[in-house]
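# Overview (structure and organization)
Each chain, letter by letter, is given below.
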Amino acid sequence: MFKTLGCIQYDVLDVVGRNTDLVLQSRVQGYRRSMLYDLLYKDRHLIDGWDKEMSVYTMGDWPSFKRIRQRQKNDAQGTLRYRGQEEALSALKEIKQAIKKQGPLAARELKLGPTEANSWGHRQVSGAAMDYLYQAGELGVHSKKNAQKTYDLIERLYPKKIREAPDPFKSDAEFFEWYFLRRIKGLGAAWLRGGGGWLGYYLGNMDLRKQICNDLVEKKLILPLEVPELKETFYIPAKGKALLNKKPNYDETARFIAPLDNLIWDRGMIKRVFNFEYTWEVYTPQEKRKYGYYVLPILYKNSFIGRCEPARPEKGKPLEIKSWWWEEKTQNAGAAEKKGMTSALRRGLEVFADYLEVPKPKNCTFGI
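Before going into details, it helps to say that this report is about the structure given with it. Owing to the predicted nature of the structure, the values given are computational and were not obtained by experimental measurement.

One pass over the full model with this rule turns up 28 aromatic pairs. Measuring from ring centre to ring centre gives 4.9 Å for Y37 and Y41, while their planes differ by 65°; the resulting arrangement is edge-to-face. Within this pair, Y37 and its partner Y41 are both found in helix α3 (residues 33-41), separated by four residues, close to a single helical turn. With a centroid separation of 5.6 Å and an interplanar angle of 50°, the aromatic rings of F352 and Y355 are classed as tilted. Here Y355 and F352 lie together in helix α14 (residues 335-356), a separation of three residues that amounts to about one turn. Given the relative accessible area of 4%, Y355 is considered buried. Connected via pairs of aromatic rings, a cluster forms that spans Y57, F65, F169, F175, F176, W178, Y179 and Y202.

Put into C-alpha cells, the structure is as follows:
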C-alpha cells in the first residue's frame, strides 16, 4: 500500500486511531495499529519523513529525498531565527554526543533550559534542537510513545546502503519528474489547480507544475483525462488507463475514510468530482462547527454517502457512533439502493469495530 500511495500523512490526533491508521484500515484487510508500529520501529521498512506535510513512507525512498532534506534544514534554521530561538543551534553537538553515549533519547530527557518565549514552536532548547537535527536528517525517530518521539543517530537506525546511497537523480529535472509523478500516483488523479493535493516543497509552484506535467505527458508517464461535464483536465498515471476500460469491481462494504486520506487531500477537486464538501473541523471552534470534532466521510462504491463521528473506543464496549449525517443524494436514493447501502454500512461497521478491537455495534438503525 505504501508503494502504491507513496506516502501517508501523519497527524498526532488520536480519536479512533491516527490518520495513518485510518488510511490503512480502509484499505488493508485485517489491519491492526501494531502492524504500522512494527514496520516503523522494529522492522524499519518504513520511516517518519517529510513529504505531504509529516508523513510515513518506505525506507527505500530515503535517498530520493536528499533535496527535500536540504530545503528542510535551511527552513528549520530560518524558523529558529524568526522565533528568536537560535540558541538551539549551539546545542546540536552536545545533543548528538549525549545520544551517542546514552542511547536513544526524548527531548524531555535532556535538560538544556527553555527557549526564548514564543507562542509557536518548542518551549525547550532540547526540543527545538532535536527537531532541527531530525529535519536535517542527522537524527531519526527511534520510537514513539503516543505522539512523543524518541530520537537516535541516523547511522544507528538506517542501513549504510541507504544512508550512503548516491543521489538517484542526475538533475533537478529528473527529481521533479519523479516527485510530481509520485504525488499524482498517490492521489490517483490530479488537476493543475492549487490545493491540498499539491502541498509540499516544489509542488506548490504552478509554473513548475505545468512544465513537469507537460513533460510527463510527453514521456507518456501520465495521461491527460478530459471530463467535459466538469470542463476540467485531470492527470492520471499511464497505468491507470487500463482501469478506465474496466467495469469497477466494488465490494459491498462501506468504508470510513481518514480526514487526511490521500483520496481527499484536494478538497476542491473532491467537491467537483464527487459533489461532496468536506472540512475537517478539529481546529474549528465548537460553536462554529457544522458537523463535529472528528468526523469521517463514508464511502460506498463510488460515492460519498454521508459522514459520521465515532466515539473514542472503550475496551470491551461496543463501537459507538455519536452522530450520522447523510448526503441529500443518499436520502433521495431508491428503496433498493438504500437497502444495499444499509447492508454495506453494517459490514463496514463490523470491519471498523474489528480494526479498533471492540465489539461491533448492536441494533444499528440508519434512518435513510
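Tallied over the entire structure, the rule returns four cavities of 30 Å³ or more. Roughly 110 Å³ of volume is contained in the largest cavity. For the lining of the largest cavity, the elements supplying multiple residues, two or more each, are β2 (46-51), α4 (66-82), α6 (125-135) and β5 (139-145). Here the element with the most residues in the lining of the largest cavity is β2; it accounts for four residues. Broken down by class, the residue content of the lining of the largest cavity amounts to nine nonpolar, five polar and two charged.

Following the criterion strictly, the structure yields 26 salt bridges and no others. A salt bridge links D152 to R156, with the nearest nitrogen and oxygen atoms 2.9 Å apart. Residue class for R156 comes out partly exposed when judged on its relative accessible area of 39%. A salt bridge links K219 to E177; the nearest nitrogen and oxygen atoms lie 2.9 Å apart. Taken as a pair, K219 in the loop between α10 (206-218) and β7 (222-227) and E177 in helix α9 (residues 172-187) lie far apart in primary sequence, 42 residues in all. Under the relative-accessibility criterion, E177 is labelled buried at 14%.

A word on the layout of surface pockets. Taken as a whole, the largest pocket encloses approximately 1,800 Å³ of empty space. Taken together, 42 residues form the lining of the largest pocket, with L187, G188, L243, L263 and F274 sitting closest to its centre. Every element with two or more residues in the lining of the largest pocket is listed here: α1 (2-5), α9, β7, β8 (232-237), α11 (241-244), α12 (267-274) and β10 (296-300). Partitioned by chemical class, the residues of the lining of the largest pocket number 23 nonpolar, nine polar and 10 charged. As a volume, the second largest pocket reaches approximately 1,000 Å³. Around the second largest pocket sit 38 residues that line it, and H122, D131, Q135, K149 and Y151 are the ones nearest its centre.

About the cut-offs
- Here the residue numbers are simple positions, counted from 1 along each chain's written sequence.
- Restriction of local features to residues with pLDDT of at least 70 applies here, the model being predicted, together with a cutoff of 80 or more for giving and counting side-chain atom pairs; totals for whole chains, interfaces and linings are based on all residues.
- Excluded from the side-chain calculation are hydrogens and water; included are all heavy atoms of the structure.
- Stacked, edge-to-face and tilted labels apply to pairs of Phe, Tyr and Trp rings (six-membered ring for Trp) whose centres lie within 6.5 Å, assigned for plane angles under 30 degrees, over 60, and everything in between, in that order.
- Working definition: helices are DSSP H or I runs of at least four residues, strands are E runs of at least two. Numbering for both runs from the N terminus.
- Residue exposure (1.4 Å probe, protein chains only): buried if accessible area is under 20% of the type maximum, exposed if over 50%, otherwise partly exposed.
- The definitions used throughout rest on a 1 Å grid laid over the protein atoms alone, on which a cavity is an enclosed set of points accommodating a 1.4 Å probe that cannot get out and a pocket is an open set flanked by protein within 12 Å on both sides along at least five of seven lines; lining residues are those having an atom within 4 Å of a point.
- Grid points are joined across faces, edges and corners, and a volume is the space filled by probe spheres set on the points.
- Residues are grouped as follows: nonpolar covers Ala, Val, Leu, Ile, Met, Phe, Trp, Tyr, Cys and Pro; charged covers Asp, Glu, Lys and Arg; every other residue, Gly included, is treated as polar.
- Here, a salt bridge means any side-chain nitrogen of Lys or Arg that lies within 4 Å of a carboxyl oxygen of Asp or Glu.

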